[in-house]
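Below, each chain spelled out in residue letters.
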Amino acid sequence: MNVQQEMRAAHAHHAGCAPDHVASAPATVVVAGDGVDSYGGASIIGLGPQRVCAAVSRRSDDVISLQFTRADGRILAATSTLAALNAPTAGTEEAQLAHRITGLIHTLIHRQVLSRETTGMDISVVSHVPHGVGLGEIAAAEAAITLACAGAHDDIDAPPLRTKLAEVCAQSATAYATSSPLKARYTAALRGHGTTLNLVEQADGSVTQITHPERLGLRMFVVAKEQAAQPDAFAESMRRRQEFIETAAANFGVASLRQLPDATARVVQWVEARHTVGDSSAPDPRRARAVLQRCEDETARALGAAQALRSQQIDALVNALSPHAGDATDEALATPALLSQLACECGASVARPAAPGVSQSVLALVPASKAENFASRMEENLLVIPITTGEVGRIEV
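What you see is a predicted model; the values in this text were computed from it and never measured.

**What about the packing of helix 2 (residues 93-110) against helix 3 (residues 137-149)?**
Contact pair helix 2 / helix 3: the axes reach a minimum separation of 11 Å and the direction vectors enclose 35°. Here helix 2 and helix 3 pass one another in a crossing that is right-handed. Judged by residue contacts, L97, R100, I101, L104, I105 and L108 of helix 2 engage I138, E142, I145, T146 and C149 from helix 3. Here the contact of helix 2 with helix 3 is built from residues that sort into 8 nonpolar, 1 polar and 2 charged.

Have a look at this one:
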């Protein structure tokens, strides 16, 4: 059964009718540059072969009905309405997911991707992306739903519309998700290339293709202890981190702190000044410095890795991606250090967090000659997911 047939069957079971449009989007893997979106940093994103598929159809009432089937077969089903977006969401996973997807539909209407006459929708999602391992399952679902909702547009594959759709996804997730989104995931899933890696520059929204590690004889794996997302406490910490960076940028009158010369020192001075005048809402200066320094470090890491990939220098790539003694630490982005160490002991040239603050998984780059042995050893007690090349989000016909 192909994707179109699978989604038509799933949607018929859920909604009792054929879908208006079917679309799919890929898993995304962050090679470098995680958590730097609001700073205006750079990220390297790869597209995985695993995909999330979505089917949509209009309803005559005001109900947004969602059925989300995960890779492990678990089905999340929930309903909401556009009118309920301002109401507090219940703590259940289904309710939070329905709220987030309903927010996406609202944003699509507001940004004129969907007609303002849209009231309700049936949305069916089938995911082949493992949950909770840092491969952007929900981001892929949002990208697929957005593409399906925009399926009637003649210029669905045109760069300007793809750019707008990626912006819509990021804007909606920022407003309605419980955790801070990585905007570069949407950009890569909707505008990137699967046979290369994608360097996404948040400062100007550009996407540049760079050499895939496979061309250098390196295989990529995501390794996780289990399929489980980070607790809500981490999500809240990440959101506060993003809000601080955005507030600081607004204070200095720049679109992003990356545009501000000597940003870390100047922002820390601003935070210290707020403490001096008794502003109890100001963050701890040491915490502020760690957050900003990490953004600088991670952006430099992404740019250094991109240069190494372009020049096809494996040693330089490993050095760029490896942790350095001077790296700033940010408790919101807790790292699975022991798992990274184990991956290297089992043959990886370098291993780093796959989605810090979101998942306790690691991304490992392994020489092709050691890949089979690496996977065999790691699979004894861990979930090991090979990440080959993928394809950008598309309408399924």
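We are not done yet, so read on.
**As for the packing of aromatic side chains**
What the rule picks out here adds up to 2 aromatic pairs. Measuring from ring centre to ring centre gives 6.2 Å for F252 and W270, while their planes differ by 75°; the resulting arrangement is edge-to-face. Linking F252 in the loop between helix 6 (232-251) and helix 7 (263-276) with W270 in helix 7, this pair joins segments that are 18 residues apart in sequence. A relative accessible area of 24% means that F252 is categorised as partly exposed. The class of W270 is buried, set by a relative accessible area of 17%. In this structure, R274 is placed above the aromatic ring of W270, and the distance from its NZ or CZ to the ring centre is 4.7 Å.

**Looking at the environment of S359**
Tracing the sequence through the fold places S359 in strand 10 (residues 359-367). Here S359 falls in the buried class, since its relative accessible area comes to 1%. Put simply, S359 and A224 are 135 residues apart on the chain and 8.3 Å apart in space, counted from C-alpha to C-alpha. There is a polar contact of 3.0 Å between the side chain of S359 and the backbone oxygen of G132.

**A few points about the pairing of strand 1 (residues 21-32)**
Residues in a regular strand project their side chains so that they alternate between the two faces of the sheet. In terms of residue burial, strand 1 counts as a mostly covered element, since 11 of its 12 residues are buried. In this sheet, strand 2 (residues 42-59) lies alongside strand 1 in antiparallel orientation, the contact comprising 10 bridges. Note that in strand 2 the partner of V30 across the bridge is I45. Bridge count for strand 1 against strand 12 (residues 394-395) is 2 bridges, and the pairing is antiparallel. Following the sheet pairing, S24 is matched in strand 12 by R394.

**A look at the packing of helix 4 (residues 159-176) against helix 5 (residues 183-191)**
One can describe the packing of helix 4 onto helix 5 by two numbers: an axis separation of 9 Å at closest approach and a directional angle of 150°. When the axis of helix 4 is compared with that of helix 5, the two are roughly antiparallel. The interaxial crossing formed by helix 4 with helix 5 has right-handed handedness. Contacts between helix 4 and helix 5 involve R162, T163, L165, A166, C169, A170, A173 and T174 from the former and K183, Y186, T187, L190 and R191 from the latter. Taken together, the residues of the contact of helix 4 with helix 5 sort by class into 7 nonpolar, 3 polar and 3 charged.

**Some thoughts on the nonpolar core**
One recurring pattern in soluble globular proteins: nonpolar side chains tend to sit buried together. Residues I44, I105, I123, V125, L135 and I145 are the most contacted members of the largest nonpolar core, which totals 75 residues. Tallying contributions element by element places helix 3 first for this core, with 10 residues. Not counting chain neighbours up to four residues away, the residues in contact with I123 comprise H11, H14, A55, V56, I64, S65, L66, Q67, I101, I105 and I145.

**Let's talk about the environment of Q293**
The residue Q293 is located in helix 8 (residues 285-311) in this model. The class of Q293 is partly exposed, set by a relative accessible area of 26%. C-alpha separation for the pair Q293 and A265, spaced 28 residues apart in sequence, amounts to 9.4 Å.

Thresholds, definitions, all that
Residues numbered from 1 in each chain as written. Predicted model: local features only at pLDDT ≥ 70, side-chain atom pairs only at ≥ 80, totals over all residues. Heavy atoms only, no water. Axes fitted to C-alpha atoms, helices over the stretch in contact; angles between N-to-C directions. Helix = DSSP H or I, 4+ residues; strand = E, 2+ residues; numbered from the N terminus. Left-handed = near helix turned anticlockwise from the far one by under 90°. Contact = heavy atoms within 4.5 Å. Nonpolar A, V, L, I, M, F, W, Y, C, P; charged D, E, K, R; others polar. Phe/Tyr/Trp six-rings, centres within 6.5 Å; stacked < 30°, edge-to-face > 60°. Buried < 20%, exposed > 50% of the residue type's maximum accessible area, 1.4 Å probe, protein only. Lys NZ or Arg CZ within 6 Å of the ring centre and 35° of its normal. Polar contact = N/O pair within 3.5 Å; in protein donor to acceptor, adjacent residues only side chain to side chain. Pairing = 2+ DSSP bridges. Parallel < 35°, antiparallel > 145°, perpendicular 65-115°, else oblique. Core = buried A, V, L, I, M, F, W, Y, C linked by side-chain atoms within 4.5 Å.

Just geometry here; none of it tells us what the structure is for.
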